[in-house]
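Overview (structure and organization)
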Number of protein chains: 2
Amino acid sequence: MTLDKNWYTEKWQGQGAAISLRITDKIHDEQTDYQRIEIYETESFGRLMTLDGLVMVTDRDNFIYHEMMTHPAVLTHPSPKKVLIIGGGDCGALKEVLKHKNIIQVDQVELDEGVTRVAEKYFPALCASNNDARARLIFDDGIKWIQNSKTASYDLIIIDSTDPVGPAAGLFEHEFYRACYTALTKDGILMAQSESPLFHASLIKSMRQDMNSAGFQTLATLLFPQCTYPSGWWSATLASKSRLNKPRACDVETLYYSSGIHASAQVLPPFLERKLK
Amino acid sequence: MTLDKNWYTEKWQGQGAAISLRITDKIHDEQTDYQRIEIYETESFGRLMTLDGLVMVTDRDNFIYHEMMTHPAVLTHPSPKKVLIIGGGDCGALKEVLKHKNIIQVDQVELDEGVTRVAEKYFPALCASNNDARARLIFDDGIKWIQNSKTASYDLIIIDSTDPVGPAAGLFEHEFYRACYTALTKDGILMAQSESPLFHASLIKSMRQDMNSAGFQTLATLLFPQCTYPSGWWSATLASKSRLNKPRACDVETLYYSSGIHASAQVLPPFLERKLK
């Protein structure tokens, strides 16, 4: 069976596998200073945003990723007030963080303003909180931002980045984690997307080692399904400067996240535990 | 981006989405009385078996499915001795069940002998226990087999079937579950593959309703990643004639299953809980 030109296809790099979504229209195509942004209408996944040909967001399944990138960190911290999101241009993570009333400021540092402007137009649900008075949308280099941040200026740092190639590569390295450590307050938590447990276990392992050597005291890698990301299975790794507390109860509305899901997501299957050792 | 003829593609029926695996060779192509069986060598997933063009098994990721279809049922039952597998022609579930020393007999009733013969040749690891003295390989209609089974003849029934279309459709219906109920012993457990939580929530719901109305007292739907199945996220639904016990400890070697994974897999995200209500 072959797919005609009405299908968008992403080859999963180095994995000899690909996912395709049937498209009904292409509604945006833009080359920014940083990347090519395309928006499609799909048959069954709502709208799709790709960056340089890779799936970033679909209407249908982004809720899992955005909830798992945010609520576990927000609810593990005893009392988070100031949050930094690096990347996150589609604003889905921002929206989830701002559901929590105790958060007083979220700085979002996205390299490419184009991503956010396109998201505002084509993914209004994700951008519903962009005008929240607590949100500061900054378009700048996240690595420089962290280096220039004052010591202990954030309670949470969320790395909602693209894959560890090109401009995002530096977001997966020890020096960057060290700078995050310094920019975090005493009980500060770093949460970073950490790719596929099936495809990228060695990356998860090196991220964890780098977070540890940057000074973080406790780590937790959380697993969750993500249909349109490579392998359909994804992870986020949480690093805390202090001991991991039992998460506070979730008092905001969610589709995927719950306290039970939070605990479950941290249980790693034996094959992965062995690979991360 | 388009895929050339070196890619095998499965369109996920009704979902406007597809998965593709890069193939390096096609090593078997056979039309049996029931279906077309094809075997490919892939670039990164080892061997791939398809039935009527749908992915059944790859070397790389079948361990998750086969372990989750078997160990939760075996270890939840207080003392399982006789097991029936319906379908399961690739013999991966059979191999997992036979890891447990307390099992004294496994009848596997697969409609299409061709599937098992091909699996024996191309998936020898899955068929490693086919010659175990406790295994009986029967090639027959699973629905008739259940109807003709004596009352209380099995402790566990595992439905390792293809999708609910064609010959497998009857394996997803109330009458069939009722016959399973009768064929099961007092604490008997039925375990059935129940498709994708993202794509097929309404099927899971109707299966659960049918199992309930067939007399099963307690149900548990378990979720797990399965890269090459539709949406990359899959489920198995367990139905017990009695109260669900805490699973016994797992004393066999596994790659995905553990007691912790067993408990975690039963935690349903809020969106799914609502849909199953």
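Residues numbered from 1 in each chain as written. Chains lettered and ligands numbered in written order. Predicted model: local features only at pLDDT ≥ 70, side-chain atom pairs only at ≥ 80, totals over all residues. Heavy atoms only, no water.

1. Quick look at the overall build of chain A
The criterion, for reference: A run of H or I in DSSP becomes a helix once it reaches four residues, and a run of E becomes a strand once it reaches two; helices and strands are each numbered from the N terminus. Computation of the radius of gyration draws on C-alpha atoms alone. For the globule rule, the value is 2.2 Å times the number of residues to the power 0.38. Buried, partly exposed and exposed residues are distinguished by accessible area as a fraction of the type maximum, computed with a 1.4 Å probe on protein chains only: under 20%, between the cut-offs, and over 50%, respectively. Contacts are residue-level and defined by heavy atoms, with any inter-residue pair within 4.5 Å sufficient. For every accessible area listed, the method is Shrake-Rupley and the probe measures 1.4 Å; residues are considered covered only by the protein chains on display. Neither His nor the chain ends is counted toward charge; the positive residues are Lys and Arg and the negative residues Asp and Glu. Positions of charges follow a simple convention, taking NZ of Lys, CZ of Arg, CG of Asp or CD of Glu.
The number of helices and strands found in chain A is eight helices and 12 strands. For 277 residues, the compact-globule estimate of 2.2 N^0.38 gives 19 Å, and chain A sits close to it at 18 Å. The principal-axis extent of the C-alpha atoms belonging to chain A is close to 55 × 45 × 35 Å. Split into buried and exposed, the 277 residues of chain A put 61% on the buried side. A separation threshold of at least 6 residues defines the contact pool for chain A, and within that pool the share at least 24 residues apart is 65%. As displayed, chain A offers around 10600 Å² of accessible surface, 48% of which is attributable to carbon and sulfur atoms. If the 29 positive side-chain charges of chain A are averaged to one point and the 34 negative ones to another, these points end up 7 Å apart.

2. As for the interface of chain B and chain A
The figure often quoted for interface size is the accessible area lost as the parts come together. Heads up, the condition is: We define buried area as the total accessible area lost by two parts upon association, computed with a 1.4 Å probe and summed across both. Just to be clear on terms, a salt bridge is a Lys or Arg side-chain nitrogen sitting within 4 Å of an Asp or Glu carboxyl oxygen. What qualifies as a polar contact is a pair of N or O atoms within 3.5 Å, subject to a donor-acceptor requirement within protein and to the restriction that residues adjacent in sequence count only when both atoms come from side chains.
On the side of chain A, 43 residues touch chain B, which itself brings 43 residues to the contact. In total, about 3500 Å² of surface goes out of reach between chain B and chain A, with carbon and sulfur atoms giving 65% of it. Summed over the shared surface of chain B and chain A, the number is zero salt bridges. On the surface where chain B and chain A come into contact, there are 12 residue pairs in polar contact (both at pLDDT 80 or more).

3. Some remarks on the packing of aromatic side chains
Geometrically, a pair of aromatic rings is defined through the distance of the ring centres and the angle of the planes. Here is the rule: In summary, the pairing rule links any two rings of Phe, Tyr or Trp, Trp by its six-membered ring, whose centres are within 6.5 Å, and it sorts them by plane angle into stacked for under 30 degrees, edge-to-face for over 60 and tilted for everything else. Charge-over-ring placement is defined geometrically: NZ (Lys) or CZ (Arg) within 6 Å of the ring centre, and within 35 degrees of the ring normal.
Throughout the structure, instances matching the rule amount to 22 aromatic pairs over all chains. Measuring from ring centre to ring centre gives 6.2 Å for Trp 233 of chain B and Phe 271 of chain B, while their planes differ by 45 degrees; the resulting arrangement is tilted. Taken as a pair, Trp 233 of chain B in strand 12 (residues 233-240) and Phe 271 of chain B in helix 8 (residues 270-276) lie far apart in primary sequence, 38 residues in all. Judged by relative accessible area, Phe 271 of chain B falls into the buried class, the value being 7%. Three or more aromatic residues joined by ring pairs form one cluster here, namely Phe 63 and Tyr 256 of chain A together with Trp 233 and Phe 271 of chain B. Of note, Arg 60 of chain A hangs over the ring of Phe 45 of chain A, and the distance from its end group to the ring centre comes to 4.9 Å.

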